[in-house]
Amino acid sequence: MKTRRMIMVAAMIVFTLFIAGQVMAEPITINWWHSMKGPRGQVVDTMIKAFNDSQSDYVVVGSYKGDYDETVNAGVAAYRAKKQPHILQSFEVGTQTMMLSGAIYPVYKLMKEQGYDINWKGYLQPVLSYYMNANGDLMSMPFNSSTPVMYYNVDLFKKAGIPMLDKETPVTWDELGEIGTKLIKSGVSGGLTCGWQSWTQVENYSAMHNIPFASKANGYEGLDCELLINNPKVVAHIAMLKEWMKDGRFFYGGQKFQGPTAEFLAQNAAIYIDSISAIAKLQKSAKDFKWDVAPMPVESWMKNPQNSIIGGASLWVFNGHNKKDYKGVAAFLKHLSRQDMQIYWHKETGYFPITLAAYEQLKKDGYYREFPYQEVGIKQLTRREPTTVSRGLRLGYFIQIRNIINEELELVWNDTKTAQEALDSAVKRSNQQLREFEKIYK
Amino acid sequence: MIKRSLFSSKTLPYLLILPQIVVTLTFFYWPAAQGLMQSVMRSDPFGQHSTFIWFANFTALFKDPLYLKSIATTVFFSVCVTVSSISIGLFIATMANRALKAKAVVRTALIWPYAVAPAISGILWLFLLHPSYGIVALGIKRWFGVDWNPVLRGSDAMVMIIMASAWKEISYNFVFFIAGLQAIPKSLIEAAAIDGASPFRRFWTITVPLLSPTLFFVTVMNIIYAFFDTFGVVHVMTQGGPGGATNTLVYKVYQDGFIGLNMGGSAAQSVVLMTLIIVITVIQFKYVEQKVQYTG
């Protein structure tokens with residue numbers, strides 16, 4: 001009898017506590033799925049913590065969901081199961097898919113509806129333009145943005161008697177060819193190698209030389225666009241790289257970054273083209289030689305090279321959550337673009353600060369005098385107003401298209417095809433993908 | 001006369017198999033049905049726009065020269081993996097069967113690789129064979145002047161994934177072969193030896209025929225392994241490259257569906273693979289389970 005009463009009392013207490021807890025307004029949880037691990041993941045965690053500590057209405061929970069493609073996949077699966085996170089980080093090639101998905105709450109709309117009057121002019125325009133729709137409305141929040149630059153081995157350059165490269169005026173590809181010859185003569189085993197070949201040698205090459213990558217303003221103005229990369233200029237560029245392979249001035253180290261980075265670190269390659277985000281890796285791993293950064297080379301006929309285009313990822317807000325949640329999402333996105341957060345982000349990861357104010361502040365603080373190589377990418381990105389050709393790429397099934405370009409380029413490097421054949425075939429195959437994609441949204 | 005114990009209750013047997021049925025339905029039939037449905041649809045990744053398009057995904061698939069190339073790649077890869085892992089497995093098993101000292105240790109050591117997951121085996125081999133940082137690759141490039149470059153050349157990449165896949169399967173085959181060998185009566189071999197048959201002849205005319213059931217079983221299992229379980233190896237080592245030279249059927253499903261988010265096309269590919277595995281299973285049941293007897 002006595003024990004039964006004890007149980008009753010205990011149950012009552014638990015019940016009252018439960019009710020009290022409910023009344024005392026739990027903070028709302030905002031889920032953010034991202035692909036940032038290792039040192040970048042720690043930076044992200046710090047930024048989240050700063051937000052959670054600054055207010056008590058919301059708790060942002062960041063979860064690492066794997067590589068970019070795995071994170072997008074997790075988002076797709078979760079959305080289908082109606083368990084989507086509030087914020088999903090998706091890489092730049094997935095932009096078209098996300099934009100047309102019907103699953104998102106466009107960021108410009110979110111910020112407006114939640115009462116944030118944001119001056120989008122105060123952001124780096126070449127970054128924003130990648131994530132805007134045809135009307136110039138921002139669909140996702142830029143987060144980690146990078147661009148390709150050229151790294152070179154200072155010691156090997158000195159040994160070959162080559163002067164150091166300028167940090168603002170790019171060398172021409174012809175000059176780079178001569179540099180390569182000198183390097184090889186001085187006994188270096190390889191000249192140039194590059195990571196992400198489609199991104200650096202085709203996409204960015206086209207943008208900087210103002211050559212359309214695809215029709216319909218690179219796909220911004222319609223799903224019925226077609227690839228145009230088999231034009232004489234891009235073909236000539238690829239053919240030149242192929243020619244360079246004969247004497248080792250260029251060599252292929254793999255599609256992604258692991259192989260090429262390893263070659264640069266082992267000093268098998270004196271020059272290395274990759275994203276600015278490789279700076280962090282080189283700072284840590286390049287112990288036995290000095291390196292520096294220069295802008296991407298351009299052709300001698302291009303007197304005023306255009307901006308390069310970005311890579312990286314942006315933050316997409318999913319629809320289907322409570323109104324209250326979105327208030328927190330908006331507050332969090334605002335928090336991420338705060339000046340101190342952006343400065344911290346840039347210093348720690350090498351990715352661009354996305355607001356001009358943060359960039360100006362960094363300049364004022366003398367950060368770039370101390371680390372001049374950190375500014376090469378941002379200067380290259382902002383050297384001119386983006387044109388409709390250089391503002392970005394908007395293609396359906398872009399992930400497959402990049403794979404196709406990668407595959408076809410590999411067939412050039414291993415003597416199976418000529419540059420013209422490979423790019424023709426890449427265009428043909430990619431156009432099939434674009435037509436398939438177009439059918440879905442008809 | 002066999003003694004049977006019968007349950008009077010009609011529902012009890014169903015109740016007892018219920019958990020198994022539930023598991024099978026949720027984890028096998030339901031996803032398979034979803035895959036079948038997806039394969040006749042054209043839809044966006046988020047499932048907002050779907051149109052029923054009959055068999056357009058399948059016709060597109062078999063018209064695609066890359067898919068046909070992928071079939072050829074897969075067949076070549078599977079044959080190489082199966083042949084090399086069976087022959088090496090059989091060779092090692094024969095040797096180990098004759099070993100006198102430390103028999104148990106040798107056998108245990110040889111079985112170990114089977115416990116390694118394909119992805120891990122891929123990483124291990126990559127650390128040996130990657131042209132930029134692989135120890136063995138750097139060694140053969142420097143000392144033997146071999147121009148080894150699986151990042152650039154398709155044939156090198158193919159050799160690399162065959163090695164990594166076969167290595168793991170050798171252990172599996174070894175286990176079955178050593179069991180098979182032990183079931184062969186010693187008296188037969190001794191009789192042949194007395195009649196003056198050479199070791200090679202004894203192996204060829206006595207061991208191999210008696211081992212044939214095991215051989216057949218192992219072949220089927222190896223083909224299934226090479227077709228369906230080598231995803232991890234390919235993913236870690238080559239990602240289907242260079243130039244699509246190692247893009248096997250299973251890897252292509254992943255690339256088109258998970259990376260490329262082309263749901264209809266990759267579902268159609270999975271259905272093709274599903275049909276294939278059904279056929280292999282039927283063959284195995286028909287021939288292996290019924291006609292071949294597991295006796296010495």
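Residues numbered from 1 in each chain as written. Chains lettered and ligands numbered in written order. Predicted model: local features only at pLDDT ≥ 70, side-chain atom pairs only at ≥ 80, totals over all residues.

## Describing the overall build of chain B
Okay, step 1: The number of helices and strands found in chain B is twelve helices and two strands.
Okay, step 2: C-alpha atoms of chain B, sized along the principal axes, occupy 75 × 75 × 30 Å.
Okay, step 3: Counting across all 296 residues of chain B, residues that qualify as buried make up 33%. (Helix = DSSP H or I, 4+ residues; strand = E, 2+ residues; numbered from the N terminus. Buried ≥ 20, exposed ≤ 12 C-beta atoms within 10 Å, placed from the backbone.)

## Observations concerning the interface of chain A and chain B
Okay, step 1: Every contact between the two is made by 29 residues of chain A and, on the other side, 24 residues of chain B.
Okay, step 2: Within the residue set of the side of chain A that touches chain B, elements represented by two or more residues are helix 3 (68–80), helix 12 (258–265), helix 19 (398–413) and helix 20 (419–440) of chain A.
Okay, step 3: Here the element with the most residues in the side of chain A that touches chain B is helix 19 of chain A; it accounts for seven residues.
Okay, step 4: A class-by-class count of the residues in the side of chain A that touches chain B yields eleven nonpolar, twelve polar and six charged. (Contact = placed C-beta atoms within 7 Å. Nonpolar A, V, L, I, M, F, W, Y, C, P; charged D, E, K, R; others polar.)

## Brief notes about the environment of Ile224 of chain B
Okay, step 1: With respect to the helices, strands and loops of the structure, Ile224 of chain B is situated in helix 9 (residues 199–228).
Okay, step 2: A C-alpha to C-alpha distance of 9.5 Å links Ile224 of chain B and Thr82 of chain B, two positions 142 residues apart in sequence.

## Topic: the packing of helix 9 (residues 197–208) of chain A against helix 19 of chain A
All names here are of chain A.
Okay, step 1: At their nearest, the axes of helix 9 and helix 19 sit 10 Å apart, and the two run at 90 degrees to each other. Judged by the inter-axis angle, helix 9 sits roughly perpendicular to helix 19. Here Gln197, Ser198 and Val202 of helix 9 lie close against helix 19, whose contacting residues are Arg402, Ile405, Asn406 and Leu409.
Okay, step 2: Its residues assigned to classes, the contact of helix 9 with helix 19 comprises three nonpolar, three polar and one charged. (Axes fitted to C-alpha atoms, helices over the stretch in contact; angles between N-to-C directions. Parallel < 35°, antiparallel > 145°, perpendicular 65-115°, else oblique.)

## Brief notes about the domain arrangement of chain A
All names here are of chain A.
Okay, step 1: Domains assigned within chain A are domain 1 (25–146 + 310–374) and domain 2 (156–308 + 398–440).
Okay, step 2: Placing the centre of domain 1 and that of domain 2 at their C-alpha centroids yields a distance of 28 Å.
Okay, step 3: Contact residues are listed per partner, giving 14 residues for domain 1 and 15 residues for domain 2.
Okay, step 4: A per-class count over the side of domain 1 that touches domain 2 returns seven nonpolar, seven polar and no charged. (Domains from an automatic or database assignment.)

## Structural notes on the sheet that holds strand 2 (residues 58–64) of chain A
All names here are of chain A.
Okay, step 1: Spatially, the five strands line up as an open sheet ordered 2-1-3-9-4, and their pairing is mixed. In this open sheet, the two edge strands, each paired with only one partner strand, are strand 2 and strand 4 (141–146). In this sheet, neighbouring strand axes are inclined to one another by 20 degrees on average, regardless of whether the strands run parallel or antiparallel.
Okay, step 2: Pairing of strand 1 (residues 28–34) with strand 3 (residues 87–91), which is carried by two bridges, proceeds in the parallel orientation. The residue bridging Trp32 from the neighbouring strand is Ile87, located in strand 3.
Okay, step 3: Running at roughly 140 degrees to strand 3, helix 3 makes contact with strand 1, strand 3 and strand 9 (311–317) of the sheet. (Pairing = 2+ DSSP bridges.)

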